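# A closer look at the structure
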Amino acid sequence: MTSRKPMQLALQMVSGYGAEFSAWRMPGTDPAAYADTDAYVRRAQIAEQGKFHMIFIADTPALTVDLGPQTPMFPMDPMLALLAVARETSRIGLVATLSTTFNYPYSIARQFKALDVISRGRVGWNAVTTSEPLAAANFGARVAGREERYARAQESIEIVQALWGSWGENAWKLDAEGGVFADMDQVRPINLQGEYYASRGPLPIPPSEQGQPVIFQAGGGREGLELAGRYASGVYANPYDIESAREHRQAIRQSAVRFGRDPDAIKMYAGFMFSLGATEEEALERRRQLMRFNPAEIPGRVSYLGSMVGLPLSVSTVDIHAPLPDELLAQAYASPRDPRSPRALQLLKQGLSVLDVLAHGVINYHPVVAGTAEQVADFLQEWFEAGACDGFSVVPDIAHDGVADFVEQVVPILQERGLFHRDYEGATLRENMGVSYQYGAMQP
C-alpha cells in the first residue's frame, strides 16, 4: 500500500498495431488496422473498462519510417481518431499531440475546444515543438533553432488559452423567447500580437464541463521544463531508470514552484512498454517472434547492444543464441552515455543470450518488462512508490490483445495493492487527473 494518491494510467495509442513496428504481422492482428477507426474505438473502450485515465496519441506530421517492412508510427490523423473515440466512450480522457511549430494558434484552439465540448470535457492538448526536418519540409518551412521553437510554443499556448477564454463562461444565453443566443458583451476579441503569432479572436465556442482542454507537454531540457512549469498539468517523459525519472519529476515540480504554482498540479507520466505472458519465457518468446519478422535488423541491434556495454559484438563474431563467453564478459562495462546500459549489462552477466537480452527490450525507447502480470505490476509499483512518476504512459507491444491482457491481468493486481483506482473520480479529464478547473489564461 502507498499513502500517495493512486497512480494514473494513460494508454498510448500508436498506429493501430502496438509499440513494435512488426506487430502488424503477428497472428490475430488485422494487417489493415491502420485504416480501421473502429479498432481505435474498441481499444479505447477496453481501456475505459479498465479505468485508464486517458488515451494518448503522439504525432509527427511526416513519414519517417520505411513502410516496406514496418507500419507508420502514428494514426492517420490524431484528432479524427479521437473524435471517433469520443462518440463511443464516456469517461476516458482524450489527449493528442499537435505541434506549436507548424500550426496556427487559432486552428489549435478551435480543434481542441470543439472536441472538448463534443466529449463533454475529456480532452487534453500535448503541446510540443517540432525539430524533424521532414516535417518542416511538409510545411515548406525550415527547422527553427531550439530557442525560437520554444518562444513560438510559449506564444502559441498563451494565445490558445486566451482564445479558449474569449467566449465568456456565462455568455451563452439561449433565450429563444427573447431572441438572445449569446451575450456579445461576453464574447470578446483577444487582439494578441506576438513576435511569431497573432490572433484577433474571439473563438465562438462555449466552455465544456471542465472549462477548457488540459495542457500537456513532452520534451526535456531547460526550455521544456520552463514550458511545463508555466502551463502544463501533465508531462509525458521518457526516463530509462528510476533515478533519472525521479530527478526529472522533481525538476518539473520545482519549475512549477518557480512560476507560482502548486507542484502537485503537474502529473508526470513515464513511458512504459510491456509484453505479457503466463510465464516470463512465454512473454520473451512473444518478443522473439517480433524480432524474427525482421531478421535484417538483428545485426544492427547486436552491434548497438555491443556499443552499450563496450564490446565489439556482431553476428559474425559471437553466437547470439548463447551466453557471451566469460572472457568477453570480463571486458564489458555499462556505457555512461546510455542510461539503458546497466540493465543490458546486468542481463548479459546473468547468462542470457544476446538475442534474449535484446528480447528484454534493452534498446527500446521506453523501459520494457517482458514477463507475467505480477512482474509488470511489480515494476510499476517500484517506480511509483519511489516517487519516479505520478503514473505511466503504457504502450503494449501488440495492440490487438495487449490492451485487453493488461486490463484483465495487471489492473486487478494494481487495484488489489491499492495502487490504482477502482472507478473514475468524475466525468471530466480534470476531475480524474485531480487538476483544477481552468478557463482562459492560467493564473498563478
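This section reports on the structure supplied with the text. Within every chain, residues take consecutive numbers counted from 1 along the sequence as written. With the structure being a predicted model, the display of local features is reserved for residues of pLDDT at least 70 and the display and counting of side-chain atom pairs for 80 or more, all residues being used for whole-chain, interface and lining totals. Excluded from the side-chain calculation are hydrogens and water; included are all heavy atoms of the structure.

## Overview of the overall build of the chain
Numbering of helices and strands runs from the N terminus, with a helix taken as a DSSP run of H or I at least four residues long and a strand as a DSSP run of E at least two residues long. A tally of helices and strands in the chain yields 15 helices and 13 strands. Atoms considered for the radius of gyration are the C-alpha atoms alone. The globule rule reads 2.2 Å times the number of residues to the power 0.38. For 444 residues, the compact-globule formula gives about 22 Å, and the C-alpha radius of gyration of the chain, at 23 Å, lands near that figure. Expressed along its principal axes, the backbone C-alpha trace of the chain runs to roughly 85 × 45 × 45 Å. Classification of residues uses two cut-offs on accessible area relative to the type maximum, computed with a 1.4 Å probe and protein chains only: under 20% is buried, over 50% is exposed, and between them is partly exposed. The 444 residues of the chain split such that 56% are buried. A contact between two residues is defined here by any heavy atoms of the two lying within 4.5 Å. Considering only contacts in the chain between residues 6 or more positions apart, those separated by 24 or more positions represent 77%. Positive and negative side-chain charges of the chain, numbering 39 and 52 respectively, have mean locations separated by a distance of 4 Å. A residue counts as positive if it is Lys or Arg and as negative if it is Asp or Glu; His and the chain ends are not included. The atom standing in for a charge is NZ when the residue is Lys, CZ when it is Arg, CG when it is Asp and CD when it is Glu.

## Concerning the packing of aromatic side chains
Here a ring pair, both rings aromatic, is described through the centre-centre distance and the interplanar angle of the planes. Stacked, edge-to-face and tilted labels apply to pairs of Phe, Tyr and Trp rings (six-membered ring for Trp) whose centres lie within 6.5 Å, assigned for plane angles under 30 degrees, over 60, and everything in between, in that order. Scanning the model with the defined rule gives 16 aromatic pairs in all. For the pair F216 and Y236, a centre-to-centre distance of 5.3 Å together with 10° between the ring planes defines the contact as stacked. In this pair, F216 is assigned in strand β9 (residues 214-218) and Y236 in strand β10 (residues 234-237), connecting sequence segments 20 residues apart. The exposure class of F216 is buried, given its relative accessible area of 0%. In textbook terms, an aromatic cluster arises when at least three aromatic residues are bridged by ring pairs, as seen for F52, F272, F274, F379, W383, F392 and F406. We note R340 situated over the ring of Y240; from NZ or CZ to the ring centre the distance is 5.1 Å. Definition used: whenever NZ (Lys) or CZ (Arg) falls within 6 Å of the ring centre and also within 35 degrees of the ring normal, the charge is taken to sit over that ring.

## Remarks on the layout of surface pockets
In this structure, the largest pocket occupies an estimated 920 Å³ of space. In the cavity and pocket records, a cavity denotes points on a 1 Å grid over the protein atoms alone where a 1.4 Å probe fits but cannot get out, a pocket denotes an open set with protein on both sides within 12 Å along at least 5 of 7 lines, and lining residues are residues with an atom within 4 Å of a point. Lining of the largest pocket is provided by 39 residues; of these, A58, D59, T60, A218 and N238 occupy positions nearest its centre. Within the residue set of the lining of the largest pocket, elements represented by two or more residues are β3 (93-99), β4 (123-128), α5 (146-164) and β10. For the lining of the largest pocket, the element with the most residues is α5, which contributes three residues. Under this grouping Gly is polar, as are all residues other than the nonpolar Ala, Val, Leu, Ile, Met, Phe, Trp, Tyr, Cys and Pro and the charged Asp, Glu, Lys and Arg. Looking at the lining of the largest pocket, its residues break down into 16 nonpolar, 19 polar and four charged. Grid points are joined across faces, edges and corners, and a volume is the space filled by probe spheres set on the points. A volume near 520 Å³ is recorded for the second largest pocket. If you go around the second largest pocket, you meet 22 residues; those closest to its centre are R343, P367, V368, V369 and F379.

## Notes on empty space enclosed by the protein
Over the atoms a probe the size of a water molecule is rolled, and this reveals where empty space is left. Using the criterion set out here, one finds one cavity of 30 Å³ or more in the structure. Put simply, the largest cavity is a space of about 80 Å³. Along the walls of the largest cavity sit L11, Q12, M13, V14, G16, Y17, G18, Y40, R43, P396, A399 and V403, which together make up its complete lining. For the lining of the largest cavity, the secondary-structure elements that each account for two or more residues are β1 (8-12), α1 (37-49) and α14 (399-416). Here the residues of the lining of the largest cavity sort into eight nonpolar, three polar and one charged.

## What about the pattern of salt bridges?
By convention in these notes, a salt bridge is any Lys or Arg side-chain nitrogen within 4 Å of a carboxyl oxygen on Asp or Glu. Scanning all chains against the criterion turns up 21 salt bridges. R222 is paired through a salt bridge with E223; the nearest N and O atoms lie 3.1 Å apart. Using a relative accessible area of 17% as the deciding quantity, one classes E223 as buried. Salt-bridge contacts for R288 lead to E281; the nearest nitrogen and oxygen are separated by 2.8 Å.

## Some details on the pairing of β9
When you tally the buried positions in β9, you get four out of five residues, the bulk of the element. Examined bridge by bridge, β4 and β9 share four bridges and lie parallel to one another. Across the sheet, A127 pairs through a bridge with Q217, a residue of β9. At least two DSSP bridges between two strands are needed for those strands to be called paired. Bridge count between β9 and β10: three bridges; the pairing is parallel. Counterpart to F216 in the pairing with β10 is G234. We call a crossover right-handed when, viewed with both strands directed away from the observer, the connection leading from the first strand over the helix to the second proceeds clockwise. As for the winding sense of the linkage, the β-α-β connection from β9 through helix α6 (residues 221-231) to β10 is right-handed.

## Looking at the packing of α5 against α6
Geometry is summarised by axes, namely lines fitted to C-alpha atoms with helices restricted to the contacting stretch, and by angles between N-to-C directions that run from 0 to 180 degrees. Running from amino to carboxyl end, α5 crosses α6 at an angle of 10°, the nearest separation of the two axes being 10 Å. Overall, the two elements α5 and α6 adopt an arrangement that is roughly parallel. Packed against α5, whose contacting residues are R146, Y150, A153, Q154, I157, E158 and Q161, the element α6 presents G221, E223, G224, E226, L227, R230 and Y231 at the interface. Grouping the amino acids of the contact of α5 with α6 by side-chain chemistry returns five nonpolar, four polar and five charged. By definition in this entry, angles of less than 35 degrees are roughly parallel, angles greater than 145 are roughly antiparallel, angles of 65 to 115 are roughly perpendicular, and the rest are oblique.

## Overview of the environment of Q8
Mapped onto the secondary structure, Q8 falls in strand β1. Sequence separation between Q8 and D405 is 397 residues; the distance between their C-alpha atoms is 18 Å. Non-local contacts of Q8, meaning those with residues more than four positions away in its chain, are made with H53, M54, K267, Y269, D390, G391, F392, N432 and M433. Reaching out from Q8, the side chain makes a polar contact with the side chain of Y269 at a distance of 2.6 Å. By the criterion applied in these results, polar contacts are pairs of N or O atoms within 3.5 Å in which, for protein atoms, one can donate a hydrogen and the other can accept it, and in which residues neighboring in sequence qualify only through two side-chain atoms.

These figures capture arrangement, not role.
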